Every structure is written in structure tokens, then in C-alpha cells.
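Architecture and fold: a report
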Amino acid sequence: QVQLLESGGGLVQAGGSLRLSCAASGRTFSSYSMGWFRQAPGKEREFVAGISWRGGSTYYADSVKGRFTISRDNAKNTVYLQMNSLNPEDTAVYYCAADRLGATTVLASDYNYWGQGTQVTVSS
């Protein structure tokens, strides 16, 4: 069992930056691939970024490529999402998720564990 806790959300002006963190419990964290998803009001949850269990492979949604960076520190059981050049369309609740099979996947249904989410609001 893995428990995930996101932090770092908040209100930021367009063009600004935020860094989200997701702290995981459990000794098997390092074997899980991790992902960040987001859900805006009235919209479906969408994939944002993912990282392989060792961190050697990262992948992004086209909408955030070049602006967001996912990383992980297995010694700290933490995954990060650095978000730069934010715009109002990035406003959403951001969730981190863990896939115990360690697959590189963009499908929410493939992830086994989810955090509660952290709100990111970008003002224009």
C-alpha cells in the first residue's frame, strides 16, 4: 500500500512558476512509476507528466512540454513537478499517482494509488 500527499499548490500570476511535491509512504516507492494528472472544473482528469521508476524516462502531455519538468528523489520518496510559464489554462487540481507495475503509461486507469490533490490557480 502506498499513500501519496501532494503539496505546493497555490495562486500564481500568469507567467509565474510553482513546484509541486508528492510525498509517498511505503518502502516500495522506488519500484513504482509515478505520474501527475490534473482536473479542471467541468473537465475530465488528464495526464500531465510521468516518470519511470528509476527516473531515467520522462514523458509529458503536449500542452505542458517544454514548460513542466517531472523528477523524483527515491531516497526521499518524493516526486516533483516544476511548472514554469504558467497560464490560466493550467488552473486545475493536480494529483500525483503511482503505478505499482512500473509501466510508463498516460492512462489514469493504469495507476493504482492517488493523492488527494492540490489546487493550482493561475490568474491572468
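Our subject is the structure that appears above.
Structural notes, computed from the coordinates. (Residues numbered from 1 in each chain as written. Predicted model: local features only at pLDDT ≥ 70, side-chain atom pairs only at ≥ 80, totals over all residues. Heavy atoms only, no water.)

1. Some points on the overall build of the chain
Heads up, the rule is: Numbered from the N terminus, helices here are DSSP runs of H or I no shorter than four residues, and strands are runs of E no shorter than two. Burial status follows relative accessibility: with a 1.4 Å probe on protein chains alone, a residue under 20% of its type maximum counts as buried, one over 50% as exposed, and anything between as partly exposed. In what follows, residue pairs with any heavy atoms lying within 4.5 Å of each other are defined as contacts. This count recognises Lys and Arg as positive and Asp and Glu as negative, with His and chain-terminal groups excluded. Charge positions are represented by NZ for Lys, CZ for Arg, CG for Asp and CD for Glu.
If you tally the helices and strands in the chain, you get zero helices and eleven strands. Mapped from its N terminus to its C terminus, the chain presents α and β elements in the order β-β-β-β-β-β-β-β-β-β-β. C-alpha atoms of the chain, sized along the principal axes, occupy 40 × 25 × 25 Å. Counting over 124 residues, the chain shows a buried share of 44%. Of all intrachain contacts in the chain linking residues separated by at least 6 positions in sequence, the fraction that spans at least 24 positions is 58%. In the chain, 11 positive and 9 negative side-chain charges are present, and the distance between their average locations comes to 8 Å.

2. With respect to the side chain of threonine 78
Examined against the element boundaries, threonine 78 turns out to sit in strand β8 (residues 78-83). Contacts of threonine 78, omitting those with residues within four sequence positions, involve Ser21, Cys22, Ala23, Phe29, Arg72 and Asp73.

None of this, on its own, says anything about what the molecule does.
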